Amino acid sequence: MSLISVQNLSCSQGAKTLFNTISFSIEANDKIALVGVNGCGKTTLLTQIAGAVDAPIPEIATKQSLKITKLHQSADFDPTQSIHDHLFTTHSDEDWEYASRVISILRELHITDLDQTMGTLSGGMIKKIALAQLFFEDT
């Protein structure tokens with residue numbers, strides 16, 4: 001079974017048609033990209049696919065065990081917080097298993113100095129930290 005299968009999905013916002021009767025599937029080993037001009041419906045499509053996991057949409061079928069998470073375009077953070085404090089804000093007890101997962105994921109992303117303040121990081125580094133959070137939050 002495909003991870004995601006979309007059949008004849010359409011979406012309009014007001015008088016503007018974002019997409020009309022699109023169909024596609026995504027298999028386990030597929031590598032995909034979604035490219036288009038601003039306002040063409042990329043985010044709308046991804047939001048509908050992500051929402052279909054929790055609230056079924058007849059045109060979208062997803063594998064039952066599939067989990068979809070969204071990386072927001074702009075990160076919410078306190079610029080005075082260290083990377084460490086930012087990552088452990090919701091896990092103040094610093095449970096060993098959680099902490100080891102965090103450190104392992106950060107190491108894979110080449111983030112090693114957790115004492116840096118969030119406000120001193122580049123946009124790319126902030127995006128990496130936000131991406132890392134997606135891997136270990138809600139598990």
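This is a predicted model, so every value here is computed, not measured.

### As for the sheet that holds strand E1 (residues 4–13)
- Sheet architecture is open: three strands sit in the order E2-E1-E3, paired in antiparallel fashion. The sheet terminates laterally at strand E2 (16–26) and strand E3 (60–62), the two strands that pair on one side only. Looking at each pair of strands side by side, their axes are set apart by 20 degrees on average, direction ignored.
- The pairing of E1 with E3 spans three bridges and is classified as antiparallel. By the bridge assignment, Ser5 is partnered in E3 with Ala61.

### Topic: the pairing of E1
- Sheet topology places E1 next to E2; seven bridges connect them, and they run antiparallel. Counterpart to Ser12 in the pairing with E2 is Thr17.

### Quick look at the side chain of Ser82
- Relative to the helices and strands, Ser82 is located in the loop between E3 and helix H2 (83–87).
- In this structure Ser82 touches Leu114, Asp115, Gln116, Thr117 and Met118, once residues within four positions along its chain are discounted.

### Comments concerning unusual backbone geometry
- Its identity as a non-glycine residue notwithstanding, Thr21 has a phi of 50 degrees, on the positive side.
- Secondary-structure assignment places Thr21 in strand E2.
- We classify Thr21 as partly exposed; its relative accessible area is 47%.
- In the Ramachandran plot, His110 falls in the positive-phi region, its phi being about 65 degrees despite a non-glycine side chain.
- Mapped onto the secondary structure, His110 falls in the loop between helix H3 (96–108) and helix H4 (123–136).
- For His110, a relative accessible area of 64% translates into the label exposed.

### With respect to helix H1 (residues 42–54)
- Looking only at H1, the buried set comprises Leu45, Ile49 and Ala52. The arc that holds the buried residues of H1, viewed along the axis, is 60 degrees, so those residues lie on one side.
- Each element contacted by the buried residues of H1 is listed here: E1, E2 and E3.

### Things to note about the packing of H3 against H4
- The N-to-C vectors of H3 and H4 enclose an angle of 140 degrees; their axes lie 10 Å apart at closest approach. When the axes of H3 and H4 are compared, the pair comes out oblique. Considering only the axes of H3 and H4, their crossing is right-handed. On the side of H3, the interface is formed by Tyr98, Arg101, Val102, Ile105 and Leu106, while H4 contributes Ala132, Phe135 and Phe136.
- Looking at side-chain class alone, the contact of H3 with H4 contains seven nonpolar, no polar and one charged residues.

### Here we look at the nonpolar core
- Among the nonpolar cores identified, the biggest contains 17 residues, and Ile83, Leu87, Val102, Leu106, Ile111, Ile129 and Phe136 are the most heavily contacted of them.
- Elements supplying a minimum of two residues to this core: H2, H3 and H4.
- Counting residues per element, this core draws most heavily on H3, at five residues.

### Some words on the environment of Lys128
- Among the secondary structure elements, Lys128 is positioned in helix H4.
- A residue is classified by how much of its surface remains accessible, and Lys128, at 30% relative accessible area, is partly exposed.
- Taking the C-alpha atoms as reference, Lys128 lies 8.4 Å from Ile111; in sequence the two are 17 residues apart.
- Among residues more than four places away in sequence, those in contact with Lys128 are Leu109 and Ile111.

Definitions and cut-offs
- Residues numbered from 1 in each chain as written.
- Predicted model: local features only at pLDDT ≥ 70, side-chain atom pairs only at ≥ 80, totals over all residues.
- Heavy atoms only, no water.
- Pairing = 2+ DSSP bridges.
- Helix = DSSP H or I, 4+ residues; strand = E, 2+ residues; numbered from the N terminus.
- Axes fitted to C-alpha atoms, helices over the stretch in contact; angles between N-to-C directions.
- Contact = heavy atoms within 4.5 Å.
- Buried < 20%, exposed > 50% of the residue type's maximum accessible area, 1.4 Å probe, protein only.
- Arc of directions from axis to C-beta.
- Parallel < 35°, antiparallel > 145°, perpendicular 65-115°, else oblique.
- Left-handed = near helix turned anticlockwise from the far one by under 90°.
- Nonpolar A, V, L, I, M, F, W, Y, C, P; charged D, E, K, R; others polar.
- Core = buried A, V, L, I, M, F, W, Y, C linked by side-chain atoms within 4.5 Å.

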